[in-house]
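# Residue-level structural notes
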Amino acid sequence: MAVGFFWASVLLSVFFVVLALDIMGLFNRKNYFQVDGKTVVITGGSQGMGRGLGKLLAQKGANVVIVARNKAKLESALEYISGAAVKSTQRFHFISADVTKAEENDRIICEVTEWNHGQAPDIVWANAGMATPSFLIDTSVDVLRQQMDINYFAAAFLAQSTLKAWINSPALKDVDKKSLSSVPARHFIMTSSSAGLVGVAGYSPYSPAKAALRNLSDALHEEVQFYNGARYHVSGAAAPEIKIHLVCPGTISTPGHVEENKTKHPVTVVLEEGDPVQTEDEVAAVAVKELERGYYFIATNFLGKAMRASALSGSPRNNWFIDTVFSWVTSLVWLFVQPDMDGKAWKYGKTHGLGNTKSQAAQ
Ligand SMILES: NC(=O)c1ccc[n+]([C@@H]2O[C@H](COP(=O)([O-])OP(=O)(O)OC[C@H]3O[C@@H](n4cnc5c(N)ncnc54)[C@H](OP(=O)(O)O)[C@@H]3O)[C@@H](O)[C@H]2O)c1
Ligand SMILES: *[C@@H]1O[C@H](CO)[C@@H](O)[C@H](O)[C@H]1NC(C)=O
Ligand SMILES: *[C@@H]1O[C@H](CO)[C@@H](O)[C@H](O)[C@H]1NC(C)=O
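What you see is a predicted model, and the numbers here were worked out from it, not measured in a lab. (Residues numbered from 1 in each chain as written. Chains lettered and ligands numbered in written order. Predicted model: local features only at pLDDT ≥ 70, side-chain atom pairs only at ≥ 80, totals over all residues. Heavy atoms only, no water.)

The next subject is the overall build of the protein chain. Along its length, the protein chain carries 11 helices and 9 strands. For the protein chain, whose C-alpha radius of gyration is 22 Å, the value lies close to the compact-globule estimate of 21 Å for 363 residues. Counting the 363 residues in the protein chain, one finds 47% classified as buried. Sequence separation of at least 24 residues holds for 74% of the intrachain contacts in the protein chain that already meet a minimum separation of 6. Taken as two groups, the 34 positive and 33 negative side-chain charges of the protein chain have centres that lie 3 Å from each other. (Helix = DSSP H or I, 4+ residues; strand = E, 2+ residues; numbered from the N terminus. Rg over C-alpha atoms; globule rule 2.2 N^0.38 Å. Buried < 20%, exposed > 50% of the residue type's maximum accessible area, 1.4 Å probe, protein only. Contact = heavy atoms within 4.5 Å. Lys, Arg positive; Asp, Glu negative; His and termini not counted. Charge placed at Lys NZ, Arg CZ, Asp CG, Glu CD.)

Moving on, we come to the site of ligand 2. Near ligand 2 you find Arg-214, Asn-215, Asp-218 and Ser-313, and these make up its full shell. Separating an oxygen atom of ligand 2 from a side-chain N or O atom of Arg-214 is a distance of 2.9 Å. Ser-313 has a polar side-chain atom sitting 2.6 Å from an oxygen atom of ligand 2. For ligand 2, the accessible surface in isolation is 360 Å², of which the surrounding protein chains cover 53%. Along the lines of polarity and charge, the residues of the shell around ligand 2 split into no nonpolar, 2 polar and 2 charged. (Near = heavy atom within 4 Å. Polar contact = N/O pair within 3.5 Å; in protein donor to acceptor, adjacent residues only side chain to side chain. Areas by Shrake-Rupley, 256 points an atom, 1.4 Å probe, with all protein chains shown as cover. Nonpolar A, V, L, I, M, F, W, Y, C, P; charged D, E, K, R; others polar.)

As a further point, take a nonpolar patch on the surface. Residues Leu-136, Ile-137 and Leu-144 make up a contiguous nonpolar surface patch of about 310 Å² in total accessible area. Note that Leu-144 resides in helix α5 (residues 141–167). (Patch = residues over 30% accessible without salt bridge, like charges linked within 9 Å, V, L, I, M, F, W, Y side chains within 5 Å. Salt bridge = Lys/Arg side-chain N within 4 Å of Asp/Glu carboxyl O.)

With that out of the way, let us pick up the pattern of salt bridges. For the coordinates displayed, the defined rule picks out 14 salt bridges. Here Arg-214 ties to Asp-218 by a salt bridge, and the two come within 3.5 Å at their closest N and O atoms. With Arg-214 and Asp-218 both in helix α6 (residues 207–230), this residue pair falls 4 residues apart, about one helical turn. Connected via shared salt-bridge partners are Glu-104, Arg-107 and Glu-111.

As enumerated under the stated definition, the model contains 7 aromatic pairs in all. Relative to Phe-297, the ring of Tyr-296 lies with its centre 6.3 Å away and its plane at 70°, an arrangement referred to as edge-to-face. Taken as a pair, Tyr-296 and Phe-297 share a single burial class, namely buried. Stacked on the ring of Tyr-80, the Lys or Arg Arg-51 has its end atom at 4.4 Å from the ring centre. (Phe/Tyr/Trp six-rings, centres within 6.5 Å; stacked < 30°, edge-to-face > 60°. Lys NZ or Arg CZ within 6 Å of the ring centre and 35° of its normal.)

Okay, the packing of helix α10 (residues 302–310) against helix α11 (residues 320–352) next. Relative orientation of the contacting elements α10 and α11 amounts to 95°, with a least axis distance of 8 Å. The pairing of α10 with α11 is recorded here as roughly perpendicular in orientation. The residues of α11 that touch α10, namely those facing Phe-302, Lys-305, Ala-306, Met-307, Arg-308, Ala-309 and Ser-310, are Asp-323, Phe-326, Ser-327, Thr-330 and Trp-334. Taken together, the residues of the contact of α10 with α11 sort by class into 6 nonpolar, 3 polar and 3 charged. (Axes fitted to C-alpha atoms, helices over the stretch in contact; angles between N-to-C directions. Parallel < 35°, antiparallel > 145°, perpendicular 65-115°, else oblique.)

In structure tokens form, the structure reads like this:
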């Protein structure tokens, strides 16, 4: 026993030292997410997290294209984002499109390529999404499908359009295969959600779509290794490396969250009580900082990081040491959290009865 405790405490101490060093940024000094002078496309960029990302990337010297449906909101967001530019050479553009339609995603990439002097965008962020929470049996078939369309298919279609454009781009000039590794990578990023990592009552129409996105991300992460390797085949054309990333925010105070609140079941409100809430700028800052460290699978607050660690499965690790130890810790923590959440749902049923199964807005 005593020997076990000794080694457990040594391991934990090492873990916290490494964690502290990592938080202080002593590892990974290299910036793996270079945006200065690059062209970035962000769907859902007219408000909320997408707008926060647009502003932050503009501050880091990127050319930014935002995509959403409503033109008036796009115009005012573009003014806000371009106001954060740091150089007169930076360019800004918006495209009005419905990203749930496959062909619109092709049009977005074509239009951006034309606008970008014939070069495909360097970074594409499938961020558009929305939650319409409620219990499954209270959700219409239309809403169930629409949740999958905007939260899963929109990103899958954009990934298809983007990867096709990247694979078919003309070869880089004046770059030989030996120096390919020094060319900044292209990034395709998807915004999922911590609701895609752990099941919570009242998110049954939304969680599966965000979980599917995580599964898409894991598979794509490996598919692009094939393209990255093929660059070194005798017939391979010189091209930047392609990187895939998944970002899972928790609650963000955005216009989308106001909408989400309207259909939320009171049980879900109880289950989320005390959860951290971040602003669009805070979420953008954490996401971009972790992309700069080269991370693949990103959660933006401590609760989300715990949920991520408990749900790592076969996903590529950000930091093998911290991820491994943190997943051991969360597997123990979850022995308490999960039954506690089940208990809250059960207790709500016992206290209020079936009569109270409508959303907050409907009450
Ligand atoms: N807010 C949260 O608490 C939270 C938590 C976890 C994850 N997330 C995820 O984070 C992402 C951003 O959330 P948010 O709350 O910042 O979003 P938001 O405030 O709801 O904004 C959504 C953005 O997406 C656009 N959009 C919606 N449907 C679209 C469509 N069919 N085609 C093109 N654009 C469309 C909207 O513009 P138009 O309506 O004009 O098209 C808007 O720009 C989403 O993927 C969301 O699921 C949010
Ligand atoms: C799909 O996601 C789940 C959990 O979100 C994970 O456990 C599983 O390993 C993933 N499977 C694949 C094929 O990516
Ligand atoms: C959503 O509802 C919760 C709980 O009812 C509340 O604390 C929060 O401020 C609301 N958020 C927004 C953006 O309306």
